Amino acid sequence: MQDIKQQLLNSCFEYVARRSKTVSDTISSNQKALLSETKSSAGDKHETGRAMLQLEMEKASQQLAAINQMKKVLAKLTIETSVLAKLGSLIMTDHANYFLAVSAGEIKINKTTYYAISPGSPIGSLLLGKQVGDTVNFTKEMLIKAIF
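Residues numbered from 1 in each chain as written. Predicted model: local features only at pLDDT ≥ 70, side-chain atom pairs only at ≥ 80, totals over all residues. Heavy atoms only, no water.

> What am I meant to see in the overall build of the protein chain here?
If you tally the helices and strands in the protein chain, you get three helices and six strands. Listing every helix and strand of the protein chain by position from the N terminus yields α-α-β-β-β-β-α-β-β. For 148 residues, the compact-globule estimate of 2.2 N^0.38 gives 15 Å, and the C-alpha radius of gyration of the protein chain, at 21 Å, exceeds that figure by more than 25%. Dimensions along the principal axes, computed over C-alpha positions, put the protein chain at roughly 70 × 30 × 25 Å. (Helix = DSSP H or I, 4+ residues; strand = E, 2+ residues; numbered from the N terminus. Rg over C-alpha atoms; globule rule 2.2 N^0.38 Å.)

Next comes the structure, spelled out in C-alpha cells:
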C-alpha cells in the first residue's frame, strides 16, 4: 500500500504543478495584454478592457495563492500508516477510496479509482479522525474498511 500511496502523492504533486503552470501562464498573458493595451479614441472601451484584465489578474492571483497553500500541505504530508484517518491517509470504504491530501480529484492506479481530497472538504472533514469500522454519512452511509 505504501507504493500506491506514494503514487497518489506523486499524482497530487503533478496536479499542483500543472495548475501552477496554467495559472502562471494566465498571469503572464494578462500582464502582456495590459502592457499592450493602448489608449484609443474609444476611451471607455479601453478602460473597460483594462478593468476586465485587472479582474482576471486578481482572480489568477487568488488561484496562485490557493496553489501555494496546496504546495505547503503536500510538503508537510507524510504517508506513514496510522490507526486514525489523517493527512496522508488512504481510506478504503465500501463505496470509494479516498486519499487525504489536496483536492486533486480522481486518480486511477492499476485500474483502481482513488479520490484525492482535502481534509477541509466536506467528505474529508467527515473522514478525518475516523478509524476502521466507523461509518460516515455523505450522501449515503459509508463503512470504513481499511486505513493505510
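That shown, we press on.
> How should the pattern of salt bridges be read in this particular structure?
Here the idea is simple: oppositely charged side chains can pair when their charged atoms come close. In the structure shown here, the tally under the stated rule is one salt bridge. A salt bridge links Asp25 to Lys21, with the nearest nitrogen and oxygen atoms 2.9 Å apart. Of this pair, Asp25 and Lys21 are both found in helix α1 (residues 2-36), four residues apart, which corresponds to roughly one turn of the helix. (Salt bridge = Lys/Arg side-chain N within 4 Å of Asp/Glu carboxyl O.)

> Please clarify how the pairing of strand β5 (residues 135-138) should be interpreted in this entry.
Both faces of the sheet carry side chains from a regular strand, because those side chains alternate between them. Where β5 and strand β6 (residues 140-147) come together, four bridges link them in antiparallel fashion. Note that in β6 the partner of Asn137 across the bridge is Glu141. Remark: one residue form the turn of the hairpin made by β5 and β6, two consecutive strands paired antiparallel; Thr139 in that turn has positive phi of roughly 65 degrees. (Pairing = 2+ DSSP bridges.)

> I'm lost on the environment of Ala33 in this one. Help?
Structurally, the position occupied by Ala33 is in helix α1. Separated by 20 residues in the primary sequence, Ala33 and Leu53 have C-alpha atoms spaced 7.7 Å apart.

> Just to check I follow, could you spell out the side chain of Lys5 for this structure?
Looking at the secondary structure, you find Lys5 in helix α1. One polar contact links the side chain of Lys5 to the main-chain carbonyl oxygen of Gly88, over a distance of 3.2 Å. Those residues in contact with Lys5 that sit more than four places away from it in its chain are Ile79, Glu80, Thr81, Gly88, Ser89, Leu90, Phe99 and Phe148. (Polar contact = N/O pair within 3.5 Å; in protein donor to acceptor, adjacent residues only side chain to side chain. Contact = heavy atoms within 4.5 Å.)

> What is the right way to read the packing of aromatic side chains from this model?
Two aromatic rings, taken as a pair, are described by how far apart their centres are and by the angle between their planes. All told, the structure shown has one aromatic pair when counted by the stated rule. Note on Tyr98 and Tyr115: the rings are 6.1 Å apart at their centroids and 40 degrees apart in plane angle, and the pair reads as tilted. With Tyr98 in strand β2 (residues 97-100) and Tyr115 in strand β4 (residues 112-117), this residue pair connects regions lying 17 residues apart in the sequence. (Phe/Tyr/Trp six-rings, centres within 6.5 Å; stacked < 30°, edge-to-face > 60°.)

> Would you explain the pairing of β2 in this entry?
Alternating positions in β2 separate into two faces, Asn97 and Phe99 on one and Tyr98 and Leu100 on the other, with burial throughout. Here three bridges tie strand β1 (residues 90-93) to β2, and the two strands are oriented antiparallel to one another. By the bridge assignment, Met92 is partnered in β2 with Asn97. The turn joining β1 and β2, which pair antiparallel and follow one another in sequence, is formed by three residues. The pairing of β2 with β4 spans three bridges and is parallel. Within β4, the position partnered with Tyr98 by the bridge is Tyr115. (Buried < 20%, exposed > 50% of the residue type's maximum accessible area, 1.4 Å probe, protein only.)

> What am I meant to see in the nonpolar core here?
As a rule of thumb, soluble globular proteins bury nonpolar side chains together. Leu8, Cys12, Leu74, Phe99 and Val102 are the most contacted members of the largest nonpolar core, which totals 29 residues. Elements with a minimum of two residues in this core: α1, α2 (43-76), β1, β3 (105-109) and β4. Among the elements that make up this core, the one with the highest residue count is α1 (nine residues). Ignoring anything within four residues of it in the chain, the contact list for Val102 reads Cys12, Val16, Met70, Val73, Leu74, Ala116, Ile117 and Ser118. Counting residues in hydrophobic clusters, the runner-up holds 12 residues, among them Ile91, Ala96, Tyr98 and Ile117. (Core = buried A, V, L, I, M, F, W, Y, C linked by side-chain atoms within 4.5 Å.)

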